[in-house]
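For reference, the chains in residue letters:
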Amino acid sequence: MSGDLWFPRVDGVLVEGVLVEAELVVLRVRAETVGVACPDCGSVSSRVHSRYVRRLADSAVGGRPAVIELRVRRFRCLDGSCPRVTFVEQVAGLSYRHGRQSVGLRAVLESVALMLAGRAGARLAGSLAVAASRSTMLRLIRALPDPVPSTPRVLGVDEFALRKGHVYATILVDIETRRPVDLLPDRTAATVAGWLAEHPGVEIICRDRSPAFAEAGRLGAPEAVHCADRWHIWHNLVEAVERTVVRNRALLREPPDEERAGTQSTLDTAKLTTAVPAEPRRSGRLSDRVRQQHAAVHALLGQGRGHRPIARELGLARNTVSRLANAATPDELLVGRWTGRTSILDPHKPYLHQRWQEGCTNGTRLFAELCELGYQGGTTVVRQYVRQLREAFPLADPPRRPTSVRDVTSWLTRHPDSLTEEQSQQLKAILARCPELDRTARHIRSFAELMNNRHGHRLIRWIADVRADDVPALHTFTAGLHQDLDAVTAGLTMPYSSGAVEGHNNRIKMLKRQMFGRANFDLLRKRVLLAA
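Residues numbered from 1 in each chain as written. Predicted model: local features only at pLDDT ≥ 70, side-chain atom pairs only at ≥ 80, totals over all residues. Heavy atoms only, no water.

Asker: Explain a nonpolar patch on the surface here, please?
Answerer: A cluster of nonpolar residues, W6, V18 and V20, forms a patch on the protein surface that exposes about 230 Å² of accessible area. Tracing the backbone through its elements, the reader meets V18 in strand β1 (residues 13-21). (Patch = residues over 30% accessible without salt bridge, like charges linked within 9 Å, V, L, I, M, F, W, Y side chains within 5 Å. Areas by Shrake-Rupley, 256 points an atom, 1.4 Å probe, with all protein chains shown as cover. Salt bridge = Lys/Arg side-chain N within 4 Å of Asp/Glu carboxyl O. Helix = DSSP H or I, 4+ residues; strand = E, 2+ residues; numbered from the N terminus.)

Asker: When you look at the state of the cysteines in this model, what are you seeing that I'm missing?
Answerer: Put plainly, a disulfide is one covalent bond tying together the sulfur atoms of two cysteines. This structure, assessed with the given rule, holds zero disulfides. The thiol of C77 is not disulfide-bonded; the next cysteine sulfur, from C41, is found 3.5 Å away. You can call C77 buried: its relative accessible area is 13%. (Disulfide = S-S within 2.5 Å. Buried < 20%, exposed > 50% of the residue type's maximum accessible area, 1.4 Å probe, protein only.)

Asker: Would you take a moment to explain the packing of aromatic side chains for this structure?
Answerer: Remark: the centre distance and the inter-plane angle together describe each pair of aromatic rings, the angle taken between the planes. Taken as a whole, this structure holds six aromatic pairs when the rule is applied. With a centroid separation of 6.3 Å and 25° between ring planes, the pair formed by W234 and F447 is classed as stacked. With W234 in helix α6 (residues 230-247) and F447 in helix α17 (residues 435-452), this pair connects stretches of sequence that are 213 residues apart. For the pair W234 and F447, one class covers both residues: buried. Ring centres of W462 and F477 lie 6.1 Å apart, and the angle between their planes is 85°; this geometry places the pair in the edge-to-face category. With W462 in helix α18 (residues 459-468) and F477 in helix α19 (residues 472-483), this residue pair connects regions lying 15 residues apart in the sequence. Assigned by exposure class, W462 and F477 land together as buried. Three or more aromatic residues joined by ring pairs form one cluster here, namely W234, F447, W462 and F477. One Lys or Arg, R187, reaches over the ring of Y168 and ends 4.1 Å from the middle of that ring. (Phe/Tyr/Trp six-rings, centres within 6.5 Å; stacked < 30°, edge-to-face > 60°. Lys NZ or Arg CZ within 6 Å of the ring centre and 35° of its normal.)

Asker: I'm lost on the packing of helix α9 (residues 307-314) against helix α10 (residues 318-326) in this one. Help?
Answerer: Packed helices, taken two at a time, are described by their axes: the angle between them and the distance between them. For the pair α9 and α10, interaxial distance at closest approach is 9 Å and the crossing angle is 110°. Considering the angle they form, α9 stands roughly perpendicular to α10. Classified by chirality, the crossing of α10 by α9 is right-handed. Facing H307, R308, I310 and A311 of α9, the residues of α10 in contact are R318, V321, S322 and A325. (Axes fitted to C-alpha atoms, helices over the stretch in contact; angles between N-to-C directions. Parallel < 35°, antiparallel > 145°, perpendicular 65-115°, else oblique. Left-handed = near helix turned anticlockwise from the far one by under 90°. Contact = heavy atoms within 4.5 Å.)

Structure follows, in structure tokens:
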């Protein structure tokens, strides 16, 4: 049987037969090459020493595992000076030395291991009817040759966490092709500078504003142009804006409407007095049980029974029987004891009314505020009273959530077209109440226009305008820009940015999770560079 059907890319093999055994497909193959070269001296030999059968796992056939029974020959080396006396032939494209898998299956498993690593790769291999453990998948990655890094013209440099907060490494990316170039085991200036010195030819270095990477670029590639990443520049501006908003957080809340609040207070008091009527309970488990017991006790009393026999028959205490017997109607037992009774919440109800008018209707939050004011009761009492307020005074227009520092920071640093009409109105009112935030908003808009239009030559003018205003947080931001002015100006002028580096950082996080704690730096480096 010709081997072209089963092995179209392999020469020198002959398929002798195919055997299906239960859930296994066995291919019996033999090599038919006339002469084979010695792996040491290269001399061709056709003198056969012996033959034996190798069993190689192969890709599944029809969902069944496949095994190749390959009959190979051991040859004698004809060169007397060669230290190797005998050698075994290897079928190119089908077998390799000491291998228990075919070359095709190994290539498939290597691809799966690079993409999914240990456990996930082993599960996928199992679904392909190939037996491979997670340790086998990791060994396949380790056996791959080390990738040889190239030297890009535009290099992106950034750090990533091997163990967040403790161990960090460095990733290098070709900005033009968006492919990773190399991974370095730490983020020190000496390591990055050493790599740059070993790979001359880098013309532009895209980096964040880390002093270590700036120093590494000056030492390892002194002729390269430094380009600060725009995302990090904008992120630093957002942090400065947030500090400004925190300074003015007292002006974020809308001032209360005193006239409306006074009118609402009168209405609330009047409605609340009628919201809790002093009437007996007409439904509920307590009301039903008291009425049933009252009827049973009075029925037995009409038969001339005493309190003690009634208590034994109904399973009640004598005092309970006495109370039921002395009450003419069950309503006397359901009214008077709890209705109108003073509550531990009474001294705090005016404060609850005030907060309700201000729009706070959350029972948990109100309970926390009352505890700060000295309330000693439980949360159930507060929630029940809030429920009564909610039933008595339903809110036709629920109050808006109080504006937070994060909200205002986001509104200031986002494009105006991405804000809703309500957000725009809220931001406009806040800026009208806070002159410092209004000045900050003007500087943010001018900086965004500068960055989007690549007008880096206007940066000096923008810094001067900011320093002329009383915005302390932005003054700190401009001082940081001045320390790395050339790189920031290049970042705001050139089209390069290290956004591709951030994408690879996210991919590295996924790769680390797939290896379930078995990751080491060399293994991670191979996966990142070979699977890119």
